[in-house]
Every structure is written in structure tokens, then in C-alpha cells.
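The lines below spell out each chain.
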Amino acid sequence: MKVGVVGCGMVGSAAAYALVMRGAASEVVLVDLNHRMAEAQAQDIRHATPFAYPVKVRAGGYDDLENAAAVILAAGANQKPGESRMELLGRNADVFAQIIPRVLGAAPGTILLVATNPVDVMTQVATRLSGLAPGRVIGSGTVLDTARFRGLLAWHLGLSSKSVHGYVLGEHGDSEVLCWSSSIAGSVRVEDLAEQMGRPLDDAAKAHIDEQVRRAAYHIIEGKGATWYGIGGGLMRICQAIANDEHAVLTLSVVNDSIEGIPHVAASLPRIIGRGGILGTIMPDLADAEHAALKRSAQVLKQAAEEIGY
Ligand code: ADP
């Protein structure tokens, strides 16, 4: 599968590197406003192919995205000192207004994978600007938050994260919802399993996991300025599910007609993903408090999108 990456700074290049290391694409084309950066990233990543998979990696212009099955949108402006989140959001919406017509001009049948933050609102922006069906404009959403949640639960229980199933829904950000009530391992609810194993998930342990999931980006930014490997892995996983037509279930952000009664808003729910993009949405079993939290999260996102006119 041919994958384009528009914006190959830290996030875009980490995604491209992950695609190469896992052989999740046959061809990767890197496009950036800064073409020298795209060239350098392509060269650097290409040098890893002998240790991984024979993926064709190159820098290019928009025309080179022709026939790309998916294009990752990771371009964006950095926050200026004193700039509000909404001002940044407005500037990134302008970046998407420049990029999206050019991507679709070259690859009208592609699936857009939105990675630029705030990813849910940018997914809403990209859906409007592209005119594509919502299932073909996919935000990475809480794919990474879900991975963090599973990883921390697994660590607590002493299990493989692949054997722990739990989801983070709603906004990729402060209002996200950790679905404790439906999290399971070995068919047992994690709280009951933790009790069985003598490692109870008491309030303090749950609060710690919640903080480590919800505030992960803040902690990483304090140490290294930005986050890129985790999201790079998540973007690779989405491409892999498309390439292999997996019908995998991942928590991804897509514009929904309604989430908890909030109309026309992009937020993460468990989605079925395959070659055609999002093939379906699963409405999870939630406790009352989780339903209420998901509604609040959808409201936060709806308001942010409305504030910039989307
Ligand atoms: P992140 O950490 O989110 O990856 P970076 O600043 O490292 O952020 O990367 C963002 C990339 O997006 C930069 O390489 C920048 O040149 C690119 N970019 C910004 N605006 C545009 C645009 N209009 N078209 C293409 N690329 C862009």
C-alpha cells in the first residue's frame, strides 16, 4: 500500500519510520513545506530499510501522492508564545485548507489520516474541507490513549498489554473518558481480576493510572519537548489495518451524526477499520458516569469546532 505523509516533522517522520520497521506500507512519500526537511527525513528513514522491510521511501511533491491509499496529515504550526489554543487551531485549520485540496487533487480516492492536534477538531475541519464521507477522514483520536491505558493496566496486573482490553473514548485530551467498567482481561473485569491476583485496583491505583493516561503528553513534553514515538506507532497501526483490510477495532475520531445527543461532532469511539476506512462504529457498554463524561467530552469538542466556524 502506498502511504503519503504531509508534514514530516517529529510525528510524520516517526509514523514513516514505524511503517518501514513494521513493513506496513510498500511505498511512503514524504511531503513538507520544507522540502529539504522531507528529503533529509526520507534519506534517513530509507537507510533503515535494509534492517527492516524493502519499503520505497522518498520525498516528493503533492503530485507524487497519486494513488496513495492513505495520506497522513501531520502538518501544523507550532504554538507561538502568548498564542491561545483557539488561535493555534485557527492557524492549523488554514494549513489544512492549503493542503487538503492539493492532496485530493493528486489522490482523490485516498483516506485522510489526521494526526495534527487538536486532532478531533482538526478531523472535523478536514471532513468539511475535503467533502469526503466521514469514514474516509479518520483522526488518530484516542488510539494512543487507549494504548497507554492498556499498557498501564497490563503493568498493574502483570499481563501482556495485548491481553488487556480497555478503551479511552471522547476527546484526545483533557476530557477523555477511561472506560473502567468495560475493561477486561481473560474475560474478567479488570477490577475483579486485580482482586483475584492480589493487586487490587483501589481508588489510589485507578487515580494514578488515570493521571498517567490523561496527563501523559504533559509529562513527556516536560522531559523532551514533544511526543512522537507513541503516536507514530499508532498511525502505523491504523495504516496496517487499512492495508490488510483487517476489520480491526481501534478507538478513532470520526465525525458522528450524534454522540450522546451532541450532533455532528468528531470524537473517538471504537471503530471497525479496514480497506474502505471506517466500516462501522461500536457503541460501547458504559456506566452512567461514563456516559455523562462522554457527553461532556463531546460538548467540549463541539464548542471548540464551533468557535473556529466548523
Ligand atoms: P510535530 O511535533 O507535530 O510533528 P513539527 O513542527 O515537528 O511538529 O512538524 C510539523 C511539520 O509540518 C513541519 O515539518 C512543517 O514544515 C510542516 N508544515 C507546516 N505547515 C505546512 C504546510 N502548509 N504544508 C506542508 N507542511 C507544513
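Residues numbered from 1 in each chain as written. Predicted model: local features only at pLDDT ≥ 70, side-chain atom pairs only at ≥ 80, totals over all residues. Heavy atoms only, no water.

Within an unreviewed UniProt entry, the label attached to the protein chain reads L-lactate dehydrogenase, and the organism entered is Caenispirillum salinarum AK4. Recorded in UniProt under Pathway (unreviewed entry), the annotation for the protein chain is "Fermentation; pyruvate fermentation to lactate; (S)-lactate from pyruvate: step 1/1." According to UniProt, the comment filed for the protein chain under the heading Subunit (unreviewed entry) is "Homotetramer." (UniProt positions renumbered as here; feature names shortened; annotations may be inferred.)

S.K.: Whenever I open this one, the pattern of salt bridges confuses me. Can you help?
M.R.: Pairs can form between side chains of opposite charge whenever their charged atoms are close. In this structure the tally under the stated criterion is seven salt bridges. The salt bridge partner of K206 is E191, with a shortest N-O separation of 2.6 Å. Linking K206 in helix α7 (residues 203-214) with E191 in helix α6 (residues 190-196), this pair joins segments that are 15 residues apart in sequence. E191 gets classed as buried once you look at its relative accessible area, which sits at 16%. (Salt bridge = Lys/Arg side-chain N within 4 Å of Asp/Glu carboxyl O. Helix = DSSP H or I, 4+ residues; strand = E, 2+ residues; numbered from the N terminus. Buried < 20%, exposed > 50% of the residue type's maximum accessible area, 1.4 Å probe, protein only.)

S.K.: I would appreciate a short explanation of the side chain of E27 in the present structure.
M.R.: Take E27: it is sitting in strand β2 (residues 27-31). If near-sequence neighbours (up to four positions away) are discounted, E27 is found in contact with M1, K2, V3, V55, K56 and R58. (Contact = heavy atoms within 4.5 Å.)

S.K.: What exactly am I supposed to notice about the nonpolar core here?
M.R.: Here is a general trend for soluble globular proteins: nonpolar side chains tend to be buried in one another's company. Core analysis: the largest hydrophobic core is formed by 44 residues, its most contacted members being V6, L73, F96 and V103. Within the residue set of this core, elements represented by two or more residues are β2, β4 (70-73), α3 (85-106), β5 (111-114), α4 (119-130), β13 (262-274) and α10 (288-307). Looking at this core, the element that brings in the most residues is α3, giving nine residues. A domain-level breakdown of this core finds at least three residues from each of domain 1 (2-139) and domain 2 (142-308). With residues near it in sequence (within four places) discarded, V6 still touches V31, Y62, L65, V71, I72, L73, A74, A75, I99 and V103. Counting 40 residues, the second largest nonpolar core, distinct from the first, contains V20, A241, V254 and I278. (Core = buried A, V, L, I, M, F, W, Y, C linked by side-chain atoms within 4.5 Å. Domains from an automatic or database assignment.)

S.K.: Honestly, the pairing of β2 in this entry has me stumped. Any pointers?
M.R.: On a regular strand, one side chain projects to one face of the sheet and the next to the other, so that they alternate. Within β2, five of the five residues are buried, which leaves it mostly tucked inside the rest of the structure. Here β2 shows two buried faces, one formed by E27, V29 and V31 and the other by V28 and L30. Regarding topology, helix α1 (residues 10-22) serves as the crossover connection from strand β1 (residues 2-6) to the parallel β2, and that connection is right-handed. Bridge analysis of β2 against strand β3 (residues 56-59) gives four bridges, and the strand direction is parallel. Looking across to β3, one finds that E27 is bridged to K56. Taking the sense of rotation as the criterion, the β-α-β connection linking β2, helix α2 (residues 35-46) and β3 turns out right-handed. (Right-handed = clockwise from strand over helix to strand, strands pointing away. Pairing = 2+ DSSP bridges.)

S.K.: Could you clarify how one ought to interpret the packing of α3 against α4 in this entry?
M.R.: Two packed helices can be described by the angle between their axes and the distance between those axes. Two elements in contact, α3 and α4, have axes separated by 9 Å at closest approach and are oriented at 40 degrees. In terms of axis orientation, α3 runs oblique to α4. Handedness of the crossing formed by α3 with α4: right-handed. Seen from α3, the contacting residues are L89, N92, A93, F96, A97, I100 and L104; seen from α4, they are V121, M122, V125, A126, L129 and S130. Within the contact of α3 with α4, the residues separate by chemical class into eleven nonpolar, two polar and no charged. (Axes fitted to C-alpha atoms, helices over the stretch in contact; angles between N-to-C directions. Parallel < 35°, antiparallel > 145°, perpendicular 65-115°, else oblique. Left-handed = near helix turned anticlockwise from the far one by under 90°. Nonpolar A, V, L, I, M, F, W, Y, C, P; charged D, E, K, R; others polar.)

S.K.: Please explain the packing of aromatic side chains as it appears in this structure.
M.R.: Under the defined criterion, the tally for this structure stands at two aromatic pairs. Arranged with centres 5.1 Å apart and planes meeting at 80 degrees, the rings of F149 and W180 form a pair that is edge-to-face. Note that F149 is positioned in helix α5 (residues 143-157) and W180 in the loop between β9 (177-178) and β10 (184-185), a separation of 31 residues in sequence. Like F149, the residue W180 is buried in the burial classification. Seen from their ring centres, W228 and Y229 are 5.8 Å apart, and the 55 degrees between their planes marks the pair as tilted. For W228, a relative accessible area of 16% corresponds to the buried category. (Phe/Tyr/Trp six-rings, centres within 6.5 Å; stacked < 30°, edge-to-face > 60°.)

S.K.: Explanation requested: the domain arrangement of the protein chain in the structure shown.
M.R.: What the domain assignment reports for the protein chain is domain 1 (2-139) and domain 2 (142-308). Using only C-alpha atoms to locate each centre, domain 1 and domain 2 end up separated by 23 Å. Carbon and sulfur atoms supply 72% of the area buried between domain 1 and domain 2, which totals about 2,600 Å² over both sides. The interface formed by domain 1 and domain 2 includes zero salt bridges. The tally of links from domain 1 across to domain 2 stands at seven residue pairs in polar contact (both at pLDDT 80 or more). Among the elements of the structure, α1, α3, β5, α4 and β6 (137-139) are those that each provide at least two residues to the side of domain 1 that touches domain 2. For the side of domain 1 that touches domain 2, the residue count by class is 21 nonpolar, seven polar and four charged. (Buried area = accessible area lost by both parts, 1.4 Å probe. Polar contact = N/O pair within 3.5 Å; in protein donor to acceptor, adjacent residues only side chain to side chain.)

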